[in-house]
Amino acid sequence: MSLPIPVLPAENELCNAICESADMLALLARRRSTKVVHFTAPGPSSEELDALIRLAARVPDHGKLGPWRFVAIEGDARVRAGEALASVLAKDNADQASLDKARETFLRAPVCVMVVSTAAAHPKIPEWEQQLSVGAVCFSLLLTAHAAGYGGCWLTGWPCYDARARGGLGLGAQERIAGFIHLGAPTERPTERVRADIGARISRF
Ligand SMILES: Cc1cc2nc3c(=O)[nH]c(=O)nc-3n(C[C@H](O)[C@H](O)[C@H](O)COP(=O)(O)O)c2cc1C
């Protein structure tokens, strides 16, 4: 990462909230996820990652609940996290190929950020709105990583929907995994993919 991370404003500090930026528009126009098979080193260092997460977490958040938390899976922790998944499958007598695949889950990129949703019933803020904020934080982390020069990819998969896997990765009973955001250097430049027909999805009331 060659660019310095901007200093974040303190509470009540005047924000330069609107910032015309051709670079930002170009990033939005051309952004692509990196295929998980196309990652190599380097990924962000632990220090960089913390700074990227702080930037990315500045998302709309009704009620200022912060209904998300971030678990960095980097270095040797990638092996331990994969082992936690494999041990779940082993209890189901999974075949060797499935166990190997589970063990490699987090080895495919130098760094993975597990974005955990802590959204829960609240007297004022609907849980759905908290979930929307969690989705926003995942995308924000992708964009932040891209702006810092890293490739990123938002994946889910069976561990997100298996309570034993979630437990093995350290989640509480009410928590959910919004995504595994894999980060690193892309080995290939992606081409554009088929996009939803936006014309058919815009209307005027
Ligand atoms: C919540 C969520 C979960 C996803 N999980 C997967 C996944 O498990 N496997 C996969 O191949 N793509 C998954 N994707 C899609 C990729 O993240 C990505 O959007 C897509 O491959 C390329 O689109 P992009 O280049 O516009 O980002 C997921 C997307 C979202 C929003």
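Preceding this paragraph is the structure being described.
Residues numbered from 1 in each chain as written. Predicted model: local features only at pLDDT ≥ 70, side-chain atom pairs only at ≥ 80, totals over all residues. Heavy atoms only, no water.

Draft legend 1. Just the packing of helix α1 (residues 22-30) against helix α5 (residues 127-147), in detail. Where α1 meets α5, the axes come as close as 11 Å, and the angle between the chain directions of the two elements is 115 degrees. Of the two possible hands of crossing, α1 and α5 adopt the one that is right-handed. In this structure, α1 contributes Met24, Leu27 and Leu28 to the contact, and α5 contributes Leu143, His146 and Ala147. Counted by class, the contact of α1 with α5 contains five nonpolar, one polar and no charged residues. (Axes fitted to C-alpha atoms, helices over the stretch in contact; angles between N-to-C directions. Helix = DSSP H or I, 4+ residues; strand = E, 2+ residues; numbered from the N terminus. Left-handed = near helix turned anticlockwise from the far one by under 90°. Contact = heavy atoms within 4.5 Å. Nonpolar A, V, L, I, M, F, W, Y, C, P; charged D, E, K, R; others polar.)

Draft legend 2. Layout of the environment of Pro9. Along the chain, Pro9 turns up in the segment before α1. Classification of Pro9 as partly exposed rests on a relative accessible area of 32%. What Pro9 contacts, discounting residues up to four positions off in sequence, is Cys15 and Arg58. (Buried < 20%, exposed > 50% of the residue type's maximum accessible area, 1.4 Å probe, protein only.)

Draft legend 3. Examining the site of the ligand more closely. Close to the ligand lie Arg31, Arg32, Ser33, Trp154, Leu155, Thr156, Gly157, Arg193 and Arg195, which account for all nearby residues. In this structure, a nitrogen atom belonging to the ligand sits 3.1 Å away from a side-chain N or O atom of Thr156. Protein chains shield 59% of the accessible area of the ligand, which is 620 Å² for the free molecule. Split into classes, the residues belonging to the shell around the ligand amount to two nonpolar, three polar and four charged. (Near = heavy atom within 4 Å. Polar contact = N/O pair within 3.5 Å; in protein donor to acceptor, adjacent residues only side chain to side chain. Areas by Shrake-Rupley, 256 points an atom, 1.4 Å probe, with all protein chains shown as cover.)

Draft legend 4. Up close: a nonpolar patch on the surface. Where nonpolar side chains cluster on the molecular surface, the patch consists of Met24, Leu25, Leu28, Phe139 and Trp154 and spans about 460 Å² of accessible area. Per-element accounting of the nonpolar patch gives the leading share, three residues, to α1. Judged by relative accessible area, which is 31%, Phe139 ranks as partly exposed. (Patch = residues over 30% accessible without salt bridge, like charges linked within 9 Å, V, L, I, M, F, W, Y side chains within 5 Å. Salt bridge = Lys/Arg side-chain N within 4 Å of Asp/Glu carboxyl O.)

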